Amino acid sequence: MKILGIETSCDETAASVVEDGHKILSDIVVSQIDIHKAYGGVVPEVAARSHIEAIIPVVDKAVKNWDEIDAIAVTHTPGLIGSLLIGVLTAKTLALVKNKPLYPVNHVQAHVYASFLDSASILGKEPPADQATDVLTVSETNIIPQFPFLALVVSGGHTQIMLFRNHRNFEILGQTRDDAVGEAFDKVAKVLGLPYPGGPSISKSAKYGNAEKYHLPEPKMDNPLDFSFSGLKTALLRAVQADCGKDYTFPSNQLKTLLNDAQRHDFSASFQKTACKVLTDKLLLAYEKYQPKSIVVAGGVAANEELRQQINERLPIRAHFPEAKYCTDNAAMVACLGYYVAKNQPPTDPFKLEVLPS
Ligand code: KG4
Ligand code: ZN
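Residues numbered from 1 in each chain as written. Chains lettered and ligands numbered in written order. Predicted model: local features only at pLDDT ≥ 70, side-chain atom pairs only at ≥ 80, totals over all residues. Heavy atoms only, no water.

1. Re the site of ligand 1
Of all residues adjacent to ligand 1, which total 19 residues, the nearest are Gly156, Asp186, Gly199, Asn304 and Asp329. At 3.0 Å from a nitrogen atom of ligand 1 is found a side-chain nitrogen or oxygen belonging to Asn304. Protein chains bury 89% of the 550 Å² of accessible surface belonging to ligand 1 in isolation. When atom positions are compared with the pocket grids, ligand 1 is found to occupy the largest pocket. With three residues, the single largest contributor to the shell around ligand 1 is helix α7 (residues 198–206). A class-by-class count of the residues in the shell around ligand 1 yields five nonpolar, 12 polar and two charged. (Near = heavy atom within 4 Å. Polar contact = N/O pair within 3.5 Å; in protein donor to acceptor, adjacent residues only side chain to side chain. Areas by Shrake-Rupley, 256 points an atom, 1.4 Å probe, with all protein chains shown as cover. 1 Å grid on protein atoms, 1.4 Å probe; cavity = no way out; pocket = protein on both sides within 12 Å on 5 of 7 lines; lining within 4 Å. Sits in = over half its atoms within 2 Å of the grid points. Helix = DSSP H or I, 4+ residues; strand = E, 2+ residues; numbered from the N terminus. Nonpolar A, V, L, I, M, F, W, Y, C, P; charged D, E, K, R; others polar.)

Written as structure tokens, this is what we have:
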């Protein structure tokens, strides 16, 4: 079964054709990062307009032969309303014009399904004896997550730990009470004067820094599987102010002009280490409580090497990490989840499908 996936929930316009939920036949992603860079973050109206310009050429490039497409899957929740609308309107129109069944999918859940794609990689302990490397590709080993599995979703909009019992049944065990972890990376990068998106910039800068230089607090939550990154972000801001000899009345957007590269590197490394430790602590806690068969880490921040290393070192079983390009937003993960949705529920009436921003 060949499914066309369409993804426009934030600032990537993407379309991909995936066969039987794992084999990627085409994968087109047009990123708006360069457009939003100038503003230090995603501008929703600009994002929606850019999706309008990109969506038809992107779908055209992804689909070589419409006769081969069995169904269309589209992200309809959660995301920016204007962005979601472009993908959903396109998918509804194509479903009607090309006479294809239509399946709506959830973006956060789709991130998790990136680990079912052939290109997904697994980084973990104890590789099988016949594997010299500790990075195994699924196509080589045919290893996919086994139910029940735990999923840690870490992106710019979401930070959640989920328990998947099967394709139809999952539960959110904990989530962020304020900022998503990717959002915290992006905001901290802004304070430090590092380019958007903050995750990759902080990760690069942290390579030259001393992660022990600044001791940042770890939040205590009522539900130990919930997250909070707002306090960590503010603690980082206070540490920058203290290092620069300024108090809270000094404009935070000017602090970057007072920092040198050595300070930037140390702040990046200290922040990254603490944020990744918080994520790893909670994942370990959930692992001990639920004893899952597999662990999946997904979303843009799953590309972070420090996070991969901490999870690799501390979790007792191997975790599934998608290849870096399938950690950030893409449509292959949407088509992959669409396959399992199509197997388990009837298609949606294109006239009735709505977007659900949150
Ligand atoms: O999953 P994604 O592409 O979009 C959302 O659904 O939000 O995630 C984007 C987020 C951004 O906040 C970005 O800074 C972060 O993922 N990110 C990273 C890395 N690459 C992307 N964070 C930490 N380390 C990275 N290497
Ligand atoms: Zn995403």
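From this point on, the discussion continues.
2. Here we look at the environment of Val43
By the secondary structure assignment, Val43 is in the loop between α1 (33–37) and α2 (44–62). We classify Val43 as partly exposed; its relative accessible area is 23%. Measuring from C-alpha to C-alpha, the distance between Val43 and Cys10 comes to 9.7 Å, with 33 residues separating the pair along the chain. (Buried < 20%, exposed > 50% of the residue type's maximum accessible area, 1.4 Å probe, protein only.)

3. Things to note about α2
Helix length check: α2, at 19 residues, gives a terminal C-alpha distance of 25 Å against a target of 27 Å (1.5 Å per residue), a fit within 8%. Among all positions of α2, only Ala47, Ala48, Ser50, His51, Ala54, Ile55, Val58, Val59 and Ala62 are buried. (Expected span 1.5 Å × (residues − 1).)

4. Focus: the coordination of the zinc ion (ligand 2)
Around a metal, the idealised angle for a tetrahedral arrangement of four donor atoms is 109.5 degrees; for an octahedral arrangement of six donor atoms it is 90 or 180 degrees. Around the zinc ion (ligand 2), the protein contributes the donor atoms His107 (NE2), His111 (NE2) and Asp329 (OD), at 2.0 to 2.1 Å from the metal centre. Classification of the site at the zinc ion (ligand 2) rests on its four donor atoms, whose angles at the metal span 95 to 134°, yielding the label tetrahedral. Mapped onto the sequence, the donors of the zinc ion (ligand 2) take the spacing H-x3-H-x217-D. Placement of the pair is His107 in helix α4 (residues 107–113) and Asp329 in the loop between α11 (324–327) and α12 (332–344), with a sequence separation of 222 residues. (Donors = N, O, S within 2.8 Å, 3.2 Å for Na, K, Ca; no water. Tetrahedral: all angles 85-135°; square planar, octahedral: opposite > 155°, others 65-115°.)

All we've got here are geometric facts, nothing functional implied.
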